[in-house]
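Chain by chain, the residues run as shown.
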Amino acid sequence: MRVRKFVIAVLALAPALAIAAPAHKIAPVHKAAAPKPAEPSPFTPGMTARDLTPLMAKPYAPLAFAYPVAPAGLPRPDPTATFTATGADPAMKLTMRQIGDPNNPPDWFPKEHAPLPELAKHGRAPHVPACILCHLPNGNGHPESASISGLTANYMIEQMHAFRDGERTNIRAPAMIEMALELSDKDIRDVAAYFTHVPRQQQKWIRVVETSRAPATHVGAGGVRFFDKGGETVPVPPDMIYEVAESEEVELRNFHFGFADYVPVGSLAKGRIVSLGNHGQMRSCASCHGEDFRGHDDAPRLAGRGAYYLIRQLADMKSGVRKGAALGKMKDIIPHLSDADILNVSAFMASRAP
Ligand code: HEC
Ligand code: HEC
């Protein structure tokens, strides 16, 4: 069943892939000996994010703002300076080095959530950092990663296979690929038992502001956009969204602070029309993603997720960077979405209650 669905998706995609090929050339590093139904994974276990980075596809140019990377040469914070997140136990003082420890990142508010599975909290050195390092204990993550709260175990397992098999290769993917080459389906089921059940009110993470001008911002550490200190504003053109940290404390991994999406005027109404099927061109998003876009069956939650993540996925699907089983049923939808539709529908989804 799983294999059949996969083969059908690959066959249906063949022409699109041929066109997209030059945009995402991935050197076949390894040819698997065992015959597989699809192309062998271009990756081998043990590869690190650093090895994988040069093999990734370039960002989709018209929407490149949604693939944030930290600018080179940022001043590094003193690794020995200590911090306590606002609202946390004052006895909990951590150095910047501890806050960035891949196998023991901070959990400032342990009483606010169910006990974390071992893998989510500590990962498994050397190839698997703790899931909460990037996705945070509420599963919502920063714009350069993804919100995984509320996703089903089956969907998460499918995506791990997709990362492992070379079906998701954008510039934000290397860390996930390194992990996916190491983790079993059982590992993912164990962590999903936690992230799937993050309560809905804790999945709320994005404040959407529809506006012609936004506060001025800059991209800083971790590829996160922060507010500038001054009171200047900048225009929000129709082809741009600013996804900005609500506080500099996101750098401390304080999960009490989420993000604001400054979206262009008119984008929410236009995005709603796209979601209804773009004037009858295609099925509505809700027909698969469920009532209020809260996820249904194999189609994940879209409501309340960050616009940058959603834009990246739709742009990757359009350019052939997210493909095969990871494109799945979206193959009939994507040809109907212009770049403007992608931006508008992502803004609209971000504005919905999770
Ligand atoms: C070093 C940072 C980092 C860590 C640690 C990390 N992730 Fe991720 N994860 C990411 C990024 C970045 C993406 C988004 C990639 C993209 O843009 O396509 C992502 C995406 C995902 C997705 C896909 C979400 C979707 O809706 O398709 C899943 C599932 C996931 N991560 C699960 C995990 C699990 C489980 C762990 C712990 C074992 C983990 N991640 C640890 C950075 C990380
Ligand atoms: C025919 C059913 C169907 C329809 C209609 C549909 N989707 Fe999907 N969508 C899916 C499935 C299934 C997936 C998961 C694909 C996979 O397995 O990787 C998905 C994945 C996605 C993703 C990636 C999510 C993630 O977590 O990475 C986005 C974004 C998305 N869809 C947006 C939309 C939007 C916007 C619309 C309406 C314009 C829409 N979809 C309509 C079935 C559908």
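Since this is a predicted model, take the numbers as computed values, not measurements.

Visitor: Hey, could you go over the overall build of the protein for me, with residue numbers and the actual values?
Guide: The helix and strand tally for the protein stands at 13 helices and nine strands. Residue pairs at least 24 apart in sequence account for 66% of intrachain contacts in the protein once pairs closer than 6 positions are excluded.

Visitor: Tell me what's going on with the packing of helix α12 (residues 307–319) against helix α13 (residues 339–351), and back it up with residues and numbers.
Guide: Between α12 and α13, whose axes approach to 9 Å, the crossing angle comes to 140 degrees. For α12 against α13, the interelement crossing comes out right-handed. Where α12 approaches α13, its residues Ala 307, Leu 310, Ile 311, Leu 314 and Ala 315 are matched on the opposing element by Ile 342, Leu 343, Ser 346, Ala 347, Met 349 and Ala 350. Across the contact of α12 with α13, the residue classes break down as 10 nonpolar, one polar and no charged.

Visitor: Lay out the site of ligand 2 with the relevant residues and their values.
Guide: In the vicinity of ligand 2 lie 22 residues, with Arg 283, Cys 285, Cys 288, Ala 299 and Gly 328 positioned nearest. When residues of the shell around ligand 2 are traced back to their parent elements, those giving at least two are α10 (267–275), α11 (286–289) and α12. For the shell around ligand 2, the residue count by class is 13 nonpolar, five polar and four charged.

Visitor: Kindly report on the environment of Lys 121, identifying the contributing residues and their values.
Guide: Note that Lys 121 resides in helix α4 (residues 118–122). Along the backbone, Lys 121 and Asn 104 are 17 residues apart, and their C-alpha atoms lie at a distance of 6.7 Å. Not counting residues up to four positions away in its chain, the partners in contact with Lys 121 are Asp 107, Leu 116, Ala 130 and Ile 132.

Visitor: Tell me about the site of ligand 1, and name the residues and values.
Guide: Of all residues adjacent to ligand 1, which total 25 residues, the nearest are Cys 131, Cys 134, Ser 145, Arg 172 and Ala 175. Those elements that provide at least two residues to the shell around ligand 1 are α5 (131–135), α6 (153–164), α7 (174–180) and α8 (185–195). For the shell around ligand 1, the leading source of residues is α5, giving four residues.

Visitor: Can you break down α13 residue by residue, with the values?
Guide: The end-to-end C-alpha separation of α13 is 19 Å, in line with the 18 Å expected for 13 residues at 1.5 Å each. Counting buried residues in α13 gives 10 out of 13 residues, a clear majority hidden from the surface. If you check which residues of α13 are buried, you get Ile 342, Leu 343, Asn 344, Val 345, Ser 346, Ala 347, Phe 348, Met 349, Ala 350 and Ser 351. Looking at the buried side of α13, the elements it contacts are β3 (206–210), β9 (259–263), α10 and α12.

Visitor: Could you give me a rundown of the pairing of β9, with the residues and numbers involved?
Guide: Most of β9 sits inside the fold, with four of its five residues counted as buried. As paired elements, β3 and β9 share five bridges and run parallel to each other. Across the sheet, residue Arg 207 finds its bridge partner in β9, namely Ala 260. Note that strand β8 (residues 242–245) and β9 share four bridges and pair antiparallel. Each residue of the ladder has a partner; that of Tyr 242, found in β9, is Tyr 262.

Visitor: Lay out the confidence of the model for the protein in plain terms, naming residues and giving numbers.
Guide: Detailed reading of the predicted coordinates is not advisable wherever pLDDT is low. Of all residues in the protein, 89% attain a pLDDT of 70 or more, and the chain-wide mean is 91. In this model residues 1–36 is a low-confidence stretch, pLDDT under 50, and it forms 43 contacts with partners more than four residues away in sequence or in other chains.

Visitor: So, unusual backbone geometry: which residues are in play, and what are the values?
Guide: Following Ala 125, the chain continues to Pro 126 via a peptide bond in cis, the omega torsion being 0 degrees. Following the sequence through the fold, Pro 126 ends up in the loop between α4 and α5. One non-glycine residue with positive phi stands out, namely Leu 136, at about 65 degrees. Looking at where Leu 136 falls in the secondary structure, it is placed in the loop between α5 and α6.

Definitions and cut-offs
- Residues numbered from 1 in each chain as written.
- Chains lettered and ligands numbered in written order.
- Predicted model: local features only at pLDDT ≥ 70, side-chain atom pairs only at ≥ 80, totals over all residues.
- Helix = DSSP H or I, 4+ residues; strand = E, 2+ residues; numbered from the N terminus.
- Contact = placed C-beta atoms within 7 Å.
- Axes fitted to C-alpha atoms, helices over the stretch in contact; angles between N-to-C directions.
- Left-handed = near helix turned anticlockwise from the far one by under 90°.
- Nonpolar A, V, L, I, M, F, W, Y, C, P; charged D, E, K, R; others polar.
- Near = placed C-beta within 6 Å.
- Expected span 1.5 Å × (residues − 1).
- Buried ≥ 20, exposed ≤ 12 C-beta atoms within 10 Å, placed from the backbone.
- Pairing = 2+ DSSP bridges.
- pLDDT = per-residue confidence, 0-100.

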